[in-house]
Amino acid sequence: MGELHIEITTYRIVNDHKVDVVVSKPIVVYRECVEHEAARSRKVPQQAQQVLPQGGAAGRGVIKAILDGEIPSDTKIKDQKALAKKLQDLGFDKEESKSVVSIHGTDILWT
């Protein structure tokens, strides 16, 4: 059950049935994972070409480096060049490593 579902159900119990309800803050666990790469760009009708961000699951070497703390995850990227160099050393594509925007867990987002 999601937060909105709990909120709506609580609202209906209180307002429709006139029963007071004590509700704690909900704990909602939701996770996503990238399974395959998306297209790098696409044509939009009657508009210029639109660039879309790409994402993908990192390779084993990159995953190990993230888990070992060699590559920062879930933080702001401070040194883009150093990160790109480290990713290239671990087998990441040169152009993609230069355009990494975010690393969350073992998933990498680039433009």
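Up top you'll find the structure we're talking about.
Here we summarise the structure given alongside this text. Every value quoted in this text rests on a predicted model; they were computed, and no experiment measured them.

Rules used in this analysis
Residues numbered from 1 in each chain as written. Predicted model: local features only at pLDDT ≥ 70, side-chain atom pairs only at ≥ 80, totals over all residues. Heavy atoms only, no water. Helix = DSSP H or I, 4+ residues; strand = E, 2+ residues; numbered from the N terminus. Buried < 20%, exposed > 50% of the residue type's maximum accessible area, 1.4 Å probe, protein only. Contact = heavy atoms within 4.5 Å. Areas by Shrake-Rupley, 256 points an atom, 1.4 Å probe, with all protein chains shown as cover. Core = buried A, V, L, I, M, F, W, Y, C linked by side-chain atoms within 4.5 Å. Arc of directions from axis to C-beta. Phe/Tyr/Trp six-rings, centres within 6.5 Å; stacked < 30°, edge-to-face > 60°. Salt bridge = Lys/Arg side-chain N within 4 Å of Asp/Glu carboxyl O. Pairing = 2+ DSSP bridges.

### Brief notes about the overall build of the protein chain
What the protein chain contains, in helices and strands, is four helices and five strands. Sequence-ordered secondary structure for the protein chain, helices as α and strands as β, is α-β-β-β-α-α-α-β-β. Going through the 111 residues of the protein chain one by one, you find that 20% of them count as buried. Across the protein chain, the fraction of contacts at a sequence separation of at least 24, relative to all contacts at a separation of at least 6, is 42%. Surface exposure of the protein chain reaches about 8900 Å², of which carbon and sulfur atoms provide 54%.

### Describing the nonpolar core
Among the nonpolar cores identified, the biggest contains 11 residues, and these are Val62, Ala65, Ile66, Ile71, Leu83, Leu87, Phe92, Val100, Ile103, Ile108 and Trp110. Every element with two or more residues in this core is listed here: helix H2 (60-67), helix H3 (80-89), strand E4 (100-104) and strand E5 (107-110). Looking at this core, the element that brings in the most residues is H2, giving three residues. Among all residues touching isoleucine 71, those that are not within four sequence positions of it are Val62, Ala65, Ile66, Leu83, Lys86, Leu87, Leu90 and Ile103.

### Some points on H3
Within H3 the residues assigned to the buried category are Leu83, Ala84 and Leu87. An end-on view of H3 places all buried positions within 100 degrees of arc, on one side of the element. Within H3, the exposed residues directed more than 90 degrees away from the buried face are Lys81 and Asp89. Its buried side turned inward, H3 meets H2, helix H4 (94-98), E4 and E5. Where H3 ends, the next residue or the one after it, glycine 91, has phi of about 100 degrees, a positive value.

### What to know about the packing of aromatic side chains
By the definition in use, this model includes one aromatic pair. Centroid distance phenylalanine 92 to tryptophan 110: 5.6 Å. Interplanar angle 85 degrees. Geometry classified as edge-to-face. Of this pair, phenylalanine 92 sits in the loop between H3 and H4 while tryptophan 110 sits in strand E5, and the two are 18 residues apart along the sequence. Here the two residues phenylalanine 92 and tryptophan 110 agree in accessibility, since each one is buried.

### Some details on the pattern of salt bridges
By the definition in use, this model includes four salt bridges. With a shortest N-O distance of 3.8 Å, arginine 12 and aspartate 16 are connected by a salt bridge. Of this pair, arginine 12 and aspartate 16 both sit in helix H1 (residues 3-17), four residues apart, roughly one helical turn. Where glutamate 70 meets lysine 86, a salt bridge forms, and the shortest distance between an N and an O atom there is 2.9 Å.

### A few points about the pairing of E5
Examined bridge by bridge, E4 and E5 share four bridges and lie antiparallel to one another. Across the sheet, the residue bridging to valine 100 is tryptophan 110, located in E5. Here E4 hands over to E5 after two residues, with glycine 105 in that stretch at a positive phi of 60 degrees.

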